2 protein chains.
Amino acid sequence: MLDDTYFMRQALAEAQKAFDKDEVPVGAVVVANNRIIARAHNLVETLNDVTAHAEMQAITAAANVLGGKYLTNCTLYVTIEPCPMCAAALGWSQISRIVYGAGDEKRGYSRLAAGVLHPKTTASYGVLAEECATLMKHFFEKKR
Amino acid sequence: MLDDTYFMRQALAEAQKAFDKDEVPVGAVVVANNRIIARAHNLVETLNDVTAHAEMQAITAAANVLGGKYLTNCTLYVTIEPCPMCAAALGWSQISRIVYGAGDEKRGYSRLAAGVLHPKTTASYGVLAEECATLMKHFFEKKR
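Predicted model, so just to flag it, every value in this text is computed and none were measured.

(A) Structural detail: the UniProt feature "domain: CMP/dCMP-type deaminase" (unreviewed entry) in chain A. The UniProt feature table records "domain: CMP/dCMP-type deaminase" (unreviewed entry) at residues 2–112 of chain A. The distance separating the terminal C-alpha atoms of residues 2–112 of chain A is 32 Å; by composition the span is 43% helix and 23% strand.

(B) Main features of helix 6 (residues 129–143) of chain B. All names here are of chain B. With 15 residues, helix 6 extends 22 Å from end C-alpha to end C-alpha; this agrees with the ideal 21 Å at 1.5 Å per step. Taken residue by residue, helix 6 has Cys132, Leu135, Met136 and Phe139 as its buried positions. Along the axis of helix 6, the buried residues cluster in a sector spanning 95°; they form a single face. In helix 6, the exposed residues that point more than 90 degrees away from the buried face are Glu130 and Lys137.

(C) Quick look at the relation of the copies chain A and chain B. When chain A is brought onto chain B, the operation consists of a screw motion whose angular component is 180° and whose axial shift is 0.0 Å, with 0.0 Å RMSD remaining. As the rotation angle and translation indicate, the two copies are arranged about a two-fold axis. Minimal C-alpha distance to the rotation axis in chain A is attained by Met85 of chain A, lying at 2.0 Å. The overlap is high: 100% of the interface residues of chain A also sit at the interface in chain B, so the same surface is used on both sides.

(D) Looking closely at the sheet that holds strand 3 (residues 74–80) of chain A. Residue and element names in this part refer to chain A. If you trace the five strands from one edge of the open sheet to the other, you get 2-1-3-4-5, paired in mixed fashion. One side of each edge strand has no neighbouring strand; the edge strands of this open sheet are strand 2 (35–41) and strand 5 (122–125). Here the strands of the sheet are splayed against their neighbours by 15° on average, with no regard to which way each runs. With five bridges joining them, strand 1 (residues 27–32) and strand 3 adopt antiparallel strand pairing. Its bridge partner being in strand 3, Ala32 is matched across the sheet by Cys74.

Reading the values: rules and limits
Residues numbered from 1 in each chain as written. Chains lettered and ligands numbered in written order. Predicted model: local features only at pLDDT ≥ 70, side-chain atom pairs only at ≥ 80, totals over all residues. Heavy atoms only, no water. UniProt positions renumbered as here; feature names shortened; annotations may be inferred. Helix = DSSP H or I, 4+ residues; strand = E, 2+ residues; numbered from the N terminus. Expected span 1.5 Å × (residues − 1). Buried < 20%, exposed > 50% of the residue type's maximum accessible area, 1.4 Å probe, protein only. Arc of directions from axis to C-beta. Least-squares fit on C-alpha atoms with pLDDT ≥ 70 in both. Contact = heavy atoms within 4.5 Å. Pairing = 2+ DSSP bridges. Axes fitted to C-alpha atoms, helices over the stretch in contact; angles between N-to-C directions.

Here it is in structure tokens:
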């Protein structure tokens with residue numbers, strides 16, 4: 001069934017790819033008409049680029065597929081709550097909906113920059129939250 | 001003299017390039033050891049990509065030049081106050097200093113996401129502010 005859990009599972013598969021590359025394990029997919037049009041995972045270390053978060057790449061890739069800069073009929077699934085950079089980028093994209101797995105109390109946009117999403121964007125969270133958070137926890141434990 | 005006004009003038013030259021391409025006219029340069037290591041201007045329309053703000057490109061380009069993701073000994077000059085996306089990206093980059101020309105009351109980070117810069121980053125503004133703002137004004141007048 002192509003529901004939120006299905007698509008978050010795909011985002012988790014992207015996050016696992018990041019984990020396997022020793023990147024902070026965050027993954028994202030963009031869905032339009034029940035179809036995944038972009039997949040991405042965090043590549044900050046690989047690309048030596050602080051802007052290479054999963055969501056940023058997913059936004060750029062989805063816009064390329066659609067041939068326009070706005071994601072007005074799309075949903076972004078991302079394993080961890082977006083940071084203010086990514087949330088503001090999602091705001092510029094006018095995306096209809098975002099769904100994130102686990103919250104990020106320290107770096108998440110909802111604490112630091114709650115007003116940056118587009119007024120028409122709806123946000124929800126908690127889908128596969130434990131699995132999303134556990135992957136992050138394992139990553140940071142490995143780093144210690 | 002290689003002072004703030006000199007470098008902001010270079011950022012303004014970038015903004016003019018954006019203007020000439022019918023892009024919202026924002027330009028940026030990154031300076032390390034009194035040398036410009038990256039120049040960029042807004043390319044959102046050209047690239048069909050809402051993340052292609054001048055600052056985002058300047059951050060990526062500067063990191064490429066330096067061979068590392070952090071811009072800890074750099075200053076970014078940008079003609080208009082960064083939006084929350086760009087300010088948060090600058091936060092991730094741990095840049096030492098940002099200087100912007102004109103404020104942006106509606107979209108600027110200082111109103112929407114004041115806490116996203118890195119604690120070690122200093123910010124100042126007002127350098128060539130009138131010229132920076134005038135270029136924007138001309139752009140939006142032309143659009144009406």
